[in-house]
Amino acid sequence: MTQKLLILLFFLGSFFVRSQGLVWSTNLTDAIAISNEQRKPLLIFFTASNAPEKIQTEIFNTPDFLNWSNKNVVLVKLDLSDTSASQSVREQNVSLKNAFGIDELPQACFATAAMRTGKTNFNSLGKIGYNSSGVKAWIAESNLILNPEE
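Keep in mind the model is a prediction, meaning the values are calculated, not measured.

Participant: Go over the packing of aromatic side chains with me, naming the residues and quoting the values.
Facilitator: Scanning the entire structure with this criterion turns up twelve aromatic pairs. With a centroid separation of 6.3 Å and an interplanar angle of 80°, the aromatic rings of tryptophan 68 and phenylalanine 110 are classed as edge-to-face. One end of the pair, tryptophan 68, is in helix α4 (residues 63–72); the other, phenylalanine 110, is in strand β3 (residues 107–116), and 42 residues separate them in sequence. Take tryptophan 68: its relative accessible area is 7%, and that puts it in the buried class. An aromatic cluster is built from Trp24, Phe45, Phe60, Phe65, Trp68, Phe110 and Trp138, whose rings are joined through pairwise contacts.

Participant: Break down unusual backbone geometry for me, with residues and values.
Facilitator: Across the chain, the bulk of peptide bonds are trans and the bulk of non-glycine residues have phi less than zero. Here the bond from leucine 105 into proline 106 is cis, since omega is -5°, no more than 30 degrees from zero. Phi at threonine 117 takes a positive value of approximately 45°, unusual for a residue other than glycine.

Participant: How would you sum up the sheet that holds β3? Please name residues and give values.
Facilitator: Ordered by their spatial adjacency, four strands build an open sheet running β2-β1-β3-β4, and the pairing between neighbours is mixed. Whereas interior strands pair on both sides, the edge strands pair on one side only; in this sheet they are β2 (74–79) and β4 (119–128). Neighbour-to-neighbour, the strand axes of this sheet turn through a mean angle of 30°, independent of strand direction. Where β3 meets β4, nine bridges bridge the pair, whose relative direction is antiparallel.

Participant: Describe the packing of α4 against helix α6 (residues 135–146), listing the residues and the values that go with them.
Facilitator: Interhelical geometry of α4 versus α6 gives an angle of 20° and a closest axis separation of 9 Å. With respect to each other, α4 and α6 are oriented roughly parallel. In terms of crossing hand, the pair formed by α4 and α6 is right-handed. Here Asp64, Phe65 and Trp68 of α4 come into contact with α6, specifically with Val135, Lys136, Trp138, Ile139, Ser142, Asn143 and Leu146. Here the contact of α4 with α6 is built from residues that sort into six nonpolar, two polar and two charged.

Participant: Can you break down the nonpolar core residue by residue, with the values?
Facilitator: Ranked by size, the top nonpolar core spans 19 residues in total, and within it Leu43, Phe60, Phe65, Trp68, Phe110 and Trp138 carry the most contacts. If you list the elements that add at least two residues to this core, you get β1 (42–47), α3 (54–60), α4, β3 and α6. Broken down by element, this core gets its largest block of residues, five residues, from α6. Contact partners of tryptophan 68, with chain neighbours within four places excluded, come to Leu43, Val73, Phe110, Trp138, Ile139, Ser142, Asn143 and Leu146. The next biggest cluster of nonpolar side chains, apart from the first, holds 15 residues, and it includes Ile32, Val76, Leu96 and Ile102.

Participant: Pulling in residues and values, what's your account of the side chain of glutamine 107?
Facilitator: As for its position among the elements, glutamine 107 is in strand β3. Filtering out sequence-adjacent residues up to four positions away, glutamine 107 remains in contact with Ile44, Phe45, Phe46, Ile102, Lys127, Ile128 and Gly129.

Participant: Mind laying out helix α5 (residues 87–99), listing which residues take part and the relevant values?
Facilitator: Since the α-helix advances by 3.6 residues per turn, residues separated by three or four positions end up pointing in the same direction. For α5, which comprises 13 residues, the first-to-last C-alpha distance of 18 Å matches the rise-based estimate of 18 Å (1.5 Å per residue) to within 8%. Immediately beyond the C-terminal end of α5, within one or two residues, lies glycine 101, with a positive phi of roughly 70°.

Participant: Got a sec to walk through the environment of aspartate 82? Specific residues and values, please.
Facilitator: Its place among the elements puts aspartate 82 in the loop between β2 and α5. Sequence separation between aspartate 82 and serine 49 is 33 residues; the distance between their C-alpha atoms is 7.9 Å. A polar side-chain atom of aspartate 82 sits 2.5 Å from a polar atom in the side chain of serine 84.

Calculation criteria
- Residues numbered from 1 in each chain as written.
- Predicted model: local features only at pLDDT ≥ 70, side-chain atom pairs only at ≥ 80, totals over all residues.
- Heavy atoms only, no water.
- Phe/Tyr/Trp six-rings, centres within 6.5 Å; stacked < 30°, edge-to-face > 60°.
- Helix = DSSP H or I, 4+ residues; strand = E, 2+ residues; numbered from the N terminus.
- Buried < 20%, exposed > 50% of the residue type's maximum accessible area, 1.4 Å probe, protein only.
- Pairing = 2+ DSSP bridges.
- Axes fitted to C-alpha atoms, helices over the stretch in contact; angles between N-to-C directions.
- Parallel < 35°, antiparallel > 145°, perpendicular 65-115°, else oblique.
- Left-handed = near helix turned anticlockwise from the far one by under 90°.
- Contact = heavy atoms within 4.5 Å.
- Nonpolar A, V, L, I, M, F, W, Y, C, P; charged D, E, K, R; others polar.
- Core = buried A, V, L, I, M, F, W, Y, C linked by side-chain atoms within 4.5 Å.
- Expected span 1.5 Å × (residues − 1).
- Polar contact = N/O pair within 3.5 Å; in protein donor to acceptor, adjacent residues only side chain to side chain.

Everything listed here is a matter of geometry and, on its own, says nothing about what the molecule does.
What follows is the structure, given as structure tokens:
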């Protein structure tokens, strides 16, 4: 009985460690540099403190999403309710939300970005919200956005 309990704890522990391995950037400038260096698009997650958490708990906090995101995107989290952010960062985040047509929170947008002469130019690839069909369906839909010709 003790051995079975230890094995169960080991598997549960490894699951939680893997699902918490996500690294979300909150600095858009740094994320753009990483995105361009790694030649991966940005996944910009727009959220707020009062937004439903299903997308985070059922999609982002899974090993499938962790593995997929590590291979395919640079993660950026923009919390529109973050009062500790400077006024200019809050204004930037709201401007991006409006520019990408984010009409409900939480929602994610895929984009590429280039910086030229101090100005950032974004190319929106598409946006995606919560998918109640689970992480595999969410990833499949995201892959269609990222690779529309396949």
